[in-house]
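Fold and geometry: a report
Here are the chains, one letter per residue:
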Amino acid sequence: MYKEVVKYEKGIVLKDVRDFELKHIFDCGQCFRWNEEPDGSYIGVASKKAVRISKKHEDIYIHGGKFEDADFWISYLDLNRDYKKIKEVLSKDKILMEAIKHGEGIRILNQEIFETIISFIISANNRIPMIKRAVENISKRFGEEILLDNKIYYTFPSPEELKNATVDDLKNCGCGFRAEYIVETTRQILDGNVNLNEIKTMPTDKAQKELMNLKGIGPKVADCILLFSMGKHDAFPVDVWVKRVMQHFYLAPDVNLAKIREYGRNTFGEYAGFAQQYLFYYVRELKGKLE
Ligand code: 8HG
């Protein structure tokens, strides 16, 4: 929800945006290419565009953003969605009410599919700073240079650009044992034996199964891809953090991942993905305090 887009000398402004906090959006775990600057703005690269985003009152400044890309940013930042309504519905649950207080400005970004696939393959058994480093290294090595304020940034490579990357190259980027999965998955996508655009149109459970035909993609990584790049807001990715919070507040301690996923999807329905994100951000803050 935004009122209008206007130009200013350095980019564009999206006026009167509600339910939007930079820190909540860019540091809630859904993305790996946004970094906070000393003044509280965030610089990032999305779909071959480098920008610096800041917020003043209710206005979002996209420094380096082109007017003709306004629709891209509105979609990327999910500004056409009414998060007030989502939060009202989810706040009926007491735990979520707390989680939402903590991350009230979260929005689920609409990210590029291939980048999200590779990033979440790297996320398996990994920590966020290490994931960010590996994704950055891959971009430096295989992406294209772009400039913002005379500084060089790098786009995330397309499948074609990543085609010639070897297992050793990717290990050197910090991907570890996941390097082989990335080489194989890139090949599978280029061969066309997995059609990502078709998967995007499938219902969530079927789409999850299809994505799991790609090397290095299990149920949880698939759910992240569905939620963060395919608009499947009923996906409920269960990693160790979400598992912990669900077992602590909602379920028995011995319930397995598949059951937690099912419970999350049944309880939160079309908003399961949003619920998951508020919980993920909240529980990482609570950390050791749960046990
Ligand atoms: O946004 C995320 N949701 C969930 N459920 N898991 C995530 C997100 N982001 C993210 O990095 N992870 C996973 O959490 C990847 C990795 O296994 C771990 C990092 O702490």
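All of the points below concern the structure found in this document. (Residues numbered from 1 in each chain as written. Predicted model: local features only at pLDDT ≥ 70, side-chain atom pairs only at ≥ 80, totals over all residues. Heavy atoms only, no water.)

Taken together, 18 residues are adjacent to the ligand, and Gly-29, Lys-220, Asp-239, Gln-276 and Gln-277 come closest. A distance of 3.1 Å separates an oxygen atom of the ligand from a polar backbone atom of Ser-123. Surface burial for the ligand is 94%, taken as the share of its 430 Å² of free accessible area covered by protein chains. Comparing atom positions with the cavity grids shows the ligand to sit within the largest pocket. If one sorts the elements of the shell around the ligand by residue count, helix H15 (residues 272-286) sits on top with four residues. In terms of residue class, the shell around the ligand is made up of nine nonpolar, six polar and three charged. (Near = heavy atom within 4 Å. Polar contact = N/O pair within 3.5 Å; in protein donor to acceptor, adjacent residues only side chain to side chain. Areas by Shrake-Rupley, 256 points an atom, 1.4 Å probe, with all protein chains shown as cover. 1 Å grid on protein atoms, 1.4 Å probe; cavity = no way out; pocket = protein on both sides within 12 Å on 5 of 7 lines; lining within 4 Å. Sits in = over half its atoms within 2 Å of the grid points. Helix = DSSP H or I, 4+ residues; strand = E, 2+ residues; numbered from the N terminus. Nonpolar A, V, L, I, M, F, W, Y, C, P; charged D, E, K, R; others polar.)

Within the element layout of this structure, Gln-111 appears in the loop between helix H4 (94-102) and helix H5 (113-123). A relative accessible area of 11% places Gln-111 in the buried class. There is a polar contact of 2.8 Å between the side chain of Gln-111 and the backbone oxygen of Gln-30. Excluding residues that lie within four positions of it along the chain, Gln-111 makes contacts with Gln-30, Cys-31, Tyr-76, Thr-116, Phe-228 and Ser-229. (Buried < 20%, exposed > 50% of the residue type's maximum accessible area, 1.4 Å probe, protein only. Contact = heavy atoms within 4.5 Å.)

One pass over the full model with this rule turns up 21 salt bridges. Here Asp-59 ties to Lys-15 by a salt bridge, and the two come within 3.3 Å at their closest N and O atoms. With Asp-59 in strand E6 (residues 59-63) and Lys-15 in the loop between strand E2 (11-14) and helix H1 (22-26), this pair connects stretches of sequence that are 44 residues apart. A salt bridge links Asp-223 to Arg-261; its shortest N-O distance comes to 2.7 Å. With Asp-223 in helix H12 (residues 219-229) and Arg-261 in helix H14 (residues 257-268), this pair connects stretches of sequence that are 38 residues apart. (Salt bridge = Lys/Arg side-chain N within 4 Å of Asp/Glu carboxyl O.)

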